[in-house]
Each structure stands twice: as structure tokens, then as C-alpha cells.
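# Structural characterization, general
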Amino acid sequence: METTKIYIKNMVCDRCRRVVEEELSKLGYTVQQVELGEAEITGDITDLETIRQVLAENGFELLDDRKVRLIEQIKLAVIELIHQQGEAGMHLNMSEYLARKLGVDYHTLSTLFSATEGITIEKYVILQRIEKVKELLVYNELSLKEIAYELGYSSVAHLSNQFKKVTGLTASHFKEIKTSKRKTIDKVI
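Everything numeric here is computed off the predicted structure, so don't read it as measured data.

### As for the nonpolar core
- In this structure, Val20 and Leu98 are the most contacted members of the largest nonpolar core, which totals 38 residues.
- Considering each element in turn, this core owes the most residues, nine residues, to helix α3 (residues 66-84).
- Once you skip the residues sitting within four places of it in the chain, Leu98 turns out to touch Ile74, Ala77, Val78, Gly103, Tyr106, Leu109 and Ile121.
- One finds Val133, Leu151, Tyr153 and Phe174 within the second-largest nonpolar core, a separate group that totals 14 residues.

### Here's the deal with helix α6 (residues 106-117)
- A rise of 1.5 Å per residue sets the reference length of α6, with its twelve residues, at 16 Å; its end C-alpha atoms lie 16 Å apart and thus fit the reference within 8%.
- Looking only at α6, the buried set comprises Tyr106, Leu109, Ser110, Leu112 and Phe113.
- Elements in contact with the buried residues of α6: α3, α5 (94-102) and α7 (121-139).
- Between a side-chain oxygen at the N-terminus of α6 and the backbone nitrogen of His107 the separation is 3.3 Å; the capping residue is Asp105.
- Downstream of α6 by one or two residues, Gly118 has phi in the positive range, about 80°.

### Considering the packing of aromatic side chains
- As enumerated under the stated definition, the model contains two aromatic pairs in all.
- Between the aromatic rings of Phe113 and Tyr124, the centroid separation amounts to 5.5 Å while the plane-to-plane angle is 55°, which identifies the pairing as tilted. Taken together, the residues Phe113 in helix α6 and Tyr124 in helix α7 connect sequence positions eleven residues apart.
- A relative accessible area of 0% means that Phe113 is categorised as buried.
- Among the residues examined, Tyr124 registers a relative accessible area of 2% and is labelled buried.
- Their ring planes at 75° and their centres at 5.6 Å tell us that Phe163 and Phe174 sit as a pair that is edge-to-face. Pair noted here: Phe163 is in helix α9 (residues 156-167) and Phe174 is in helix α10 (residues 171-177), with a separation of eleven residues, a long-range link.
- Judged by relative accessible area, which is 1%, Phe163 ranks as buried.

Conventions used here
- Residues numbered from 1 in each chain as written.
- Predicted model: local features only at pLDDT ≥ 70, side-chain atom pairs only at ≥ 80, totals over all residues.
- Heavy atoms only, no water.
- Core = buried A, V, L, I, M, F, W, Y, C linked by side-chain atoms within 4.5 Å.
- Buried < 20%, exposed > 50% of the residue type's maximum accessible area, 1.4 Å probe, protein only.
- Helix = DSSP H or I, 4+ residues; strand = E, 2+ residues; numbered from the N terminus.
- Contact = heavy atoms within 4.5 Å.
- Expected span 1.5 Å × (residues − 1).
- Polar contact = N/O pair within 3.5 Å; in protein donor to acceptor, adjacent residues only side chain to side chain.
- Phe/Tyr/Trp six-rings, centres within 6.5 Å; stacked < 30°, edge-to-face > 60°.

Written as C-alpha cells, this is what we have:
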């Protein structure tokens, strides 16, 4: 039997992986592997519309276009680095990391991302980092200094300035109002 890789938008966490795997299995496909943004399945894929519909019912989108898939891979790589790898991932050079992970030179990635999304990869990284800061502030387990270190900021002042610039709020004011200003990580732009 033939194995096919499908690309899926809005997969941002382990729960997403599990839902995609369960739904594809219910449709009768043998799921070989599910990663963020993609699934490898075995079976005769003659009814892409059913797969598309089932994914859409669960908040996902089947990606067909190569450029759209690459944009989604960039977003997923950033999300994975910031939201799942924690401190270790924050001290990597983002352009080198993306080029190595996706096998495409950074200039090409950057040009495509900016043209398609209307913002730079760097700005997207900042927005994701600020969402992570919001999450950590809501949990109230780490000090701002610890958060700054964990997310690779050079100082608390740098984090505070960036937070205020992006959100319009100070970190301490955000802590007071908490979740009303948070976004899900797949809705950052």
C-alpha cells in the first residue's frame, strides 16, 4: 500500500496530534506518523474532501499548496521552539535554526513569509515569545527575571519594553487582568 504525507494547518500541540491521528484512523487510514503540521498515512487516498471536512470540523485545515505548507512549517518550527523546547531553544540563532530544520535558506524563508503573512519572521517570533510570556505570567510561578532568562531575553528591561510595545500593557498590569488578553498560539497573526 502507498504511504502519503498530508500537510495540516493549525496543529500546535500534542493534543492536536492525537485528534488528527484518531480522526484519520476513524476514516480507515493506517496512520504511520503524526507530527506538528503533517501526517503520514497508508491507504487509498481517493477522498481528500472527506479528510478535509473531518479536519475542518476539528479546527484544522488540509494544506495543498507548497508555499502555504512552507509558511505553516515556519510557524510550527517557531512555535515548537518557543512553546515546547523552553530555555534550551531560546538561545539558538533563529535564522540558522529555521534554515537547518526546513532545509531552505533563510533569505528564501524570510521573503516568502513576509510576502505571504505581511510581517517578518522576526516579528512573528516576538509575537510568539510575548504569548509565552503571557502564559507564564498567568501561571504566576516564575518571576519576570526568570521568565526573561527562560525565553532568552538579554534583560528584564528588554522583555518589559517588548511586552509593553506588543501588548500596550506593563507585565504587572497584565498579571492583574490575566487571561482576557491571551491568544491561542495558532491565532497570533
